[in-house]
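Structural overview for review
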Amino acid sequence: MSPRRARRRESSRPLGFPGGVDRVEEWPDGEWKVRMLTGSTSTKIYRCPGCDQEIRAGQPHLVSWPAWSGGDDERRHWHPACWRKRLDRGPGRTRY
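Let me sum up the structure you'll find in this document. All figures in this text were calculated on a predicted structure; none of them were measured in a lab. (Residues numbered from 1 in each chain as written. Predicted model: local features only at pLDDT ≥ 70, side-chain atom pairs only at ≥ 80, totals over all residues. Heavy atoms only, no water.)

Things to note about the sheet that holds strand β1 (residues 22-27)
Within the open sheet, the four strands sit side by side as β1-β2-β5-β6. Their pairing is antiparallel. Pairing within the sheet leaves two strands with one partner each, and these edge strands are β1 and β6 (76-78). Averaged over all pairs of adjacent strands, the angle between their axes in this sheet comes to 35°, without regard to strand direction. Two elements, strand β5 (residues 61-66) and β6, share three bridges in a ladder whose sense is antiparallel. (Pairing = 2+ DSSP bridges. Helix = DSSP H or I, 4+ residues; strand = E, 2+ residues; numbered from the N terminus. Axes fitted to C-alpha atoms, helices over the stretch in contact; angles between N-to-C directions.)

What follows is the structure in C-alpha cells.
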C-alpha cells in the first residue's frame, strides 16, 4: 500500500499575494506597517536599503511601509537586523 499524500487547503488569496500579518510599529521616525515574510512565496531578488545587499528569493525578510494613506507605494524589503538598526545609521545616509 502506498502512503497517502497530504492535501493542501485551497487558499482564497490570489497567487503571489504576500503572506503574513501586518502590524504597526511606532519609531522615532513615525509609524510603520511591518509584515514578516517567510520567504517561501518570494520569487524575486530584493535589495535591502539598510545594508545594500541582496535578499535572495526564498530568504526570510520583512516588508515595511509608512502607515499613512498612500504609503503602500513606499514598500521596502529589509533584513530583520537592518530594520532594527536603521536609526543607528550615520548622517548623510537615508533612514528609509
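Details of the nonpolar core
Grouped together as the largest cluster of nonpolar side chains are eight residues: Trp32, Val34, Cys48, Ile55, Leu62, Trp78, Cys82 and Trp83. Among the secondary structure elements, those contributing two or more residues to this core are β2 (30-37) and α1 (80-84). (Core = buried A, V, L, I, M, F, W, Y, C linked by side-chain atoms within 4.5 Å. Buried < 20%, exposed > 50% of the residue type's maximum accessible area, 1.4 Å probe, protein only.)

Here's the deal with the pairing of β5
Across the six residues of β5, six count as buried, placing the element largely inside the fold. Side chains His61, Val63 and Trp65 project from β5 onto one buried face, and the interleaved Leu62, Ser64 and Pro66 project onto a second face that is buried too. Bridging between β2 and β5 involves six bridges; their strand directions are antiparallel. When the bridges of β5 are listed, leucine 37 appears paired with histidine 61.

Take it as geometry only, folks, not as evidence of what the structure does.
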